[in-house]
Structures are given as C-alpha cells and as structure tokens.
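# Commentary on secondary and tertiary structure
Listed below, chain by chain, are the residues.
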Amino acid sequence: MSKIRTIVCLILCLSISPTLKAQQTDILRKDVFTLCSDSLEGRKAFSSGGVKAMNYICSELQQADVNIYRQKFKYSNQIGCNVVAVVESDDKELKDEYILIGAHYDHLGIKNKQGKTVIYNGADDNASGTAILMQLARRMQKDRHLLKRSIILVAFDAEEEGLIGSRYFSENPMPISDIHQIKLMINLDMVGWLKDDALKISGIGMIENGKTLFESDKIKINAKRFDHSMFTDSDFSCFAKKQIPSISITTGTKSPYHKPEDDAELIDYQGMNDICNYIYDVVIKASNEPVLKSSGKSATRHKQKSDMVSFGLNASIGSARQNYHFGNVTGRNGYAFDAGLFMQYNKYRFLAFRIGAEIERNLTKRIEGQMMMTNLYIPFSIVLQSPLQESIGLNLIFGGYFANNLCMDMPSEMEKNVSIRPNDIGLTFSVEMRIGSFGFGVSNRYGLLNMNKGSLDRINYSSGTFRIVYYINR
Ligand SMILES: [Zn+2]
C-alpha cells in the first residue's frame, strides 16, 4: 500500500513540480518588476511611491486571503507603515508561538545627480526579499494545516532610514501581546543575486539545533553562527537585541548596492525560486519542532548593555626582581604571586577596557638579604581580543597600574640603604589565550618610579608571571 502511494506521489510530484516551479518563478518576477517600476519612484519611506508599494503588497496578500494589518507609525512628523500578515495555526499547544519572517520594502527613492533625476529602484535591495515574503505568505496561508506554530510575515517600512519600521514593530508587536512569543525571526534582505553561489545565512548559533534546522541538500548554504559585521545590519537587529533568535538571509552585496543600476532585469529569479522553496521548508520544519528554544548566545553587538560588562578572577605566579641602575649592589630574582578580580567593558568585539584590583606578595633579593612586600595593584588596560574559533581566542592586554605598598619586611642591615616609597606606577603587558571561560598566559610588570627614597640606589620593580584567568560571565 505504502509503496503504491509513494509511486503515485512520485509521479504526481514529477508531473506537477516543473509547472509549479515555473509558476512561482513567474510570480516572483512579476512582484519584483512591479515593486521596481519607475511609477513607485524608488519606494522611499514616507513618500507617495512608498505608499504605492505598500498598497500593492496589501492588495496582493488580500487577494490570496491572507489576514493583514497596516501598522502605521509616526517618525519625525511623517507616517510610515509596516504591512503585517498573520497566518494562524489551529494547533492547541503551539498556536500562540510565532515564527516571524521579515523583509523591508522601502528603498532610497529619487535623487538628483548632476541635474538629472535618478530613480533608485532597489531590485535586489529589497524588492527581492519583499517578493519572497509575499510568496511565502500566499503559500503559508494555503498550507495552514501544515503549521503548528503560527506565522507572522512583516514587510517593514523605513529600513533604509535606520531600521525605523522594524524597531517600531519590535516595541509594538501587534497583533501578539508579548514579543517573546516570537521564537524565531528570519530576515530577508537582498536575496536576488544567488547566481549559483551559496546562500549566506547568519545567526544560527542563536537557536538550539540551528545547524540542523537550517541545513539543506537542495541549496548551497554558507551558514555562520553569528552576524558580527556592523555593515550587514538590517531589520533582524532589533529582534536579536531582544535575544530572540534572529537569522539573516542574503545573497550578499554582489548587486550594484545602493546604486541606480540595481534593477529588476539583473535579478536571478531561478535563484529566488530556490531560496523561496528553501525558506518555506525551513519554516514548516521550525513550525513543527516540538521545542524551539534560544541558545542564550548572541553576537557581541546584539548583547544587552548588561552583557557588555564582564567580570573575571585572576591569579598569577612567577619571578620578581628589583633592578638597580647604579649603586653598589645588584638585585637577584625572587618570586611574586598575586590574586585579584577585574571588570571588563566590551566596547566592541575586538576591543575592551579592563580595570582590576589585585593583592600581590613578592620577595626580592639583594646582597644584604631579602625583602618581602605586600602590595595592592590597580591595573587598567586596553584589551585587544581576537577570536580564533568560536570559543578560543587570543587577548593582547596592555596598560598601566597604580601600586600601593601595604606592608613590608626587610633586614635591618638593608634599611640603611633602602627606604621604600609607598606608591608606584608602572606598565603592564600580557598575552593571554582564551579557551571557553578560562584564559592562560604570561604577564609582565615594569615599575616606572624609583622605589627607593633612600640614599644610593635607584630601584625599579619588575615581575614576569604565568597567569590564569576565569571569566565569570562570558
Ligand atoms: Zn536592504
């Protein structure tokens, strides 16, 4: 029985699918050409061309029986409008969870170039994403019975003005009450130039099982766990910043990016067709996953402010000495060990600032005997962090320190020649290998002040230690 069914299915698929494919490619082409026609004047946000584009999207979706809302918003005395389409599932348990698909429909409008008016039609950016979004809405509405989680599709306005529409939606996620009912956000921006290349996907590390969810044997994929680049910012950012797993899908910036030449004739419609089918499959799969959960991880630039500050503990052990520049005695190596904590402000992915507090105990030797000191250190450093792999990286840490002597012990014979100044300032330099929550490396200190208020010798302190670090929240 099942064999016969499989064969019948196969014959049906083989006979239907080429026509379906052709149909979908034609629909995508028609939508891109319409959105890029000169009468829409480059779909600039808050312009009459933008309103025309919005009305076209609405009427197309209404014809396909998709439930839509026009979500109007005000921005510096102008009115923008997101088009929100909702495909509700009937599943008792999961229908209140949502998968959001987004694409911005606005572009740059008309500009004056050397006395000529030039229309920026924005075919790849982002009539392509809008067309796939519209087609997905039509197909999801038709295939509602296949859904467990519900689907929201949003054509965002005013992305080019600074992600205005998507930010508004993320603050007012009509028609749902809580933004965190959205379990997955998929953003389409510039998806018209596949041309046999791999489809670029980033952010799959934000969701548990992201790799399995987004893998496919039907289309070439280049999947990254996180989107770190500030140059590929788009509507997913506002959602990623709310720690909602947010996936960026694009064919890259191969098209004439933000140029008037970005036209509908150059688009790869076969590629768009394949992308549309791929996202359809992923969304149906995600909609039916028993659990769709955030991994709790995100790109540094999407971390909340509180995550930008990390704390750590450190300890080191090594050698210490007093350096004599003139005088009649020489210093010999002793030892030093210290322990402390630090706070680090991760300003960028590659650059952080660190301040700490450490207690150091050191022993240094000179001809008259040995001296023990306990010091408080306040190091402040610049941290250059380079990720080598997901959880492995290299840190270069350099900066300065302030030291205060807490107590000291020296033989009375030494006291004739040495009288220690209570404070020192100096330079630090460390190299550290980061593996997960730990860091291992070497650290050097070099004191700049003469420690000796006493008679003959000029003394500078230095130490070189092996260091271990534990990051409490990384
Ligand atoms: Zn764009």
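Given the structure is predicted, the values throughout are model-derived calculations rather than measurements.

Pairing in this open sheet of 8 strands is mixed, and the strands run β1-β2-β6-β3-β7-β10-β8-β9 from one edge to the other. For this open sheet the edge positions go to β1 (67-75) and β9 (221-224), each flanked by a neighbour on one side alone. The sheet shows a mean angle of 20° between the axes of neighbouring strands, direction not considered. Pairing geometry for β1 and strand β2 (residues 78-87), over 9 bridges, is antiparallel.

All right, on to the domain arrangement of the protein then. When the parts come together, some accessible area is lost, and that loss is often what is quoted as the size of the interface. Taken domain by domain, the protein consists of domain 1 (22-302) and domain 2 (305-471). The C-alpha centroid of domain 2 is placed 52 Å from the C-alpha centroid of domain 1.

Bound to the zinc ion on the protein side are His104 (NE2), Asp125 (OD), Asp189 (OD) and Asp189 (OD), at distances that span 2.1 to 2.6 Å. Here the zinc ion binds 4 donor atoms, and the angle range of 52 to 144° at the metal identifies the geometry as irregular. Sequence spacing of the donors to the zinc ion: H-x20-D-x63-D. Of the two residues, Asp125 sits in helix α3 (residues 123-142) while Asp189 sits in the loop between β7 (182-188) and β8 (199-202), which places them 64 residues apart along the sequence. Each member of the pair, Asp125 as well as Asp189, carries the same accessibility label: buried.

A separate point is the packing of helix α2 (residues 48-63) against α3. Between α2 and α3, whose axes approach to 10 Å, the crossing angle comes to 20°. Between α2 and α3, the interaxial angle falls into the category roughly parallel. Helix-helix and strand crossings are classified by hand; for α2 and α3 the assignment is right-handed. The segment α2 lies against α3, with Tyr56, Ile57, Glu60 and Leu61 engaging Thr130, Met134, Ala137 and Arg138. Class assignment for the residues of the contact of α2 with α3 results in 5 nonpolar, 1 polar and 2 charged.

So, on to the pattern of salt bridges. A complete count under the given rule lists 15 salt bridges for this structure. The residue Arg138 makes a salt bridge to Glu60 at a minimum N-O spacing of 2.8 Å. Residue Arg138 is found in helix α3, and its partner Glu60 is found in helix α2; the two are separated by 78 residues along the sequence. Accessibility expressed as a relative area gives 10% for Glu60, which makes it buried. With a shortest N-O distance of 3.3 Å, Asp197 and Lys254 are connected by a salt bridge. Here the residue Asp197 occupies a position in the loop between β7 and β8, and Lys254 occupies one in the loop between β10 (246-250) and α7 (269-288), the gap between them amounting to 57 residues. Classification of Lys254 as partly exposed rests on a relative accessible area of 35%.

Here Ser463 lies in strand β18 (residues 459-471). Assessed through its relative accessible area of 7%, Ser463 is described here as buried. With residues near it in sequence (within four places) discarded, Ser463 still touches Ser319, Ala320, Glu360, Ser443, Asn444 and Arg445.

Cut-offs used in this document
- For every chain, the first residue of its written sequence is number 1, and the numbers climb from 1 along that sequence.
- Reporting of local features is limited, given that this is a predicted model, to residues whose pLDDT is at least 70; pairs of side-chain atoms are given and counted only at 80 or more, and all residues count toward the totals for whole chains, interfaces and linings.
- Computation of side-chain values: all heavy atoms of the structure, hydrogens and water removed.
- The criterion for strand pairing is that DSSP finds at least two bridges linking the strands in question.
- For the purposes of this entry, the term helix denotes a DSSP run of H or I that reaches at least four residues, the term strand denotes a run of E that reaches at least two, and both are numbered from the N terminus.
- Axis definition: a line fitted to C-alpha atoms, over the contacting stretch in the case of helices. Angles run 0 to 180 degrees between N-to-C directions.
- All the domain ranges listed were derived from an automatic or database domain assignment.
- Water is absent from the atoms considered, so a metal site may look incomplete; donors are defined as N, O and S atoms within 2.8 Å of the metal, or 3.2 Å for Na, K and Ca.
- Here the metal geometry follows the donor angles, with tetrahedral for four donors whose angles all fall between 85 and 135 degrees, square planar for four and octahedral for six when opposite donors are more than 155 degrees apart and every other angle is between 65 and 115, and irregular for all the rest.
- Think of it in three bands: residues with accessible area under 20% of the maximum for their type are buried, residues over 50% are exposed, and the middle band is partly exposed, with areas taken using a 1.4 Å probe on protein chains only.
- An angle below 35 degrees is read as roughly parallel, one above 145 as roughly antiparallel, one from 65 to 115 as roughly perpendicular, and any other as oblique.
- Crossing handedness follows the turn of the near helix against the far one: under a right angle anticlockwise gives a left-handed crossing, and clockwise gives a right-handed one.
- Every residue pair with non-hydrogen atoms within 4.5 Å of one another is taken to be in contact.
- Only Asp, Glu, Lys and Arg are considered charged in this grouping, and only Ala, Val, Leu, Ile, Met, Phe, Trp, Tyr, Cys and Pro are considered nonpolar; every other residue, Gly among them, is considered polar.
- Take a side-chain nitrogen of Lys or Arg and a carboxyl oxygen of Asp or Glu: if they are within 4 Å of each other, that pair is a salt bridge.

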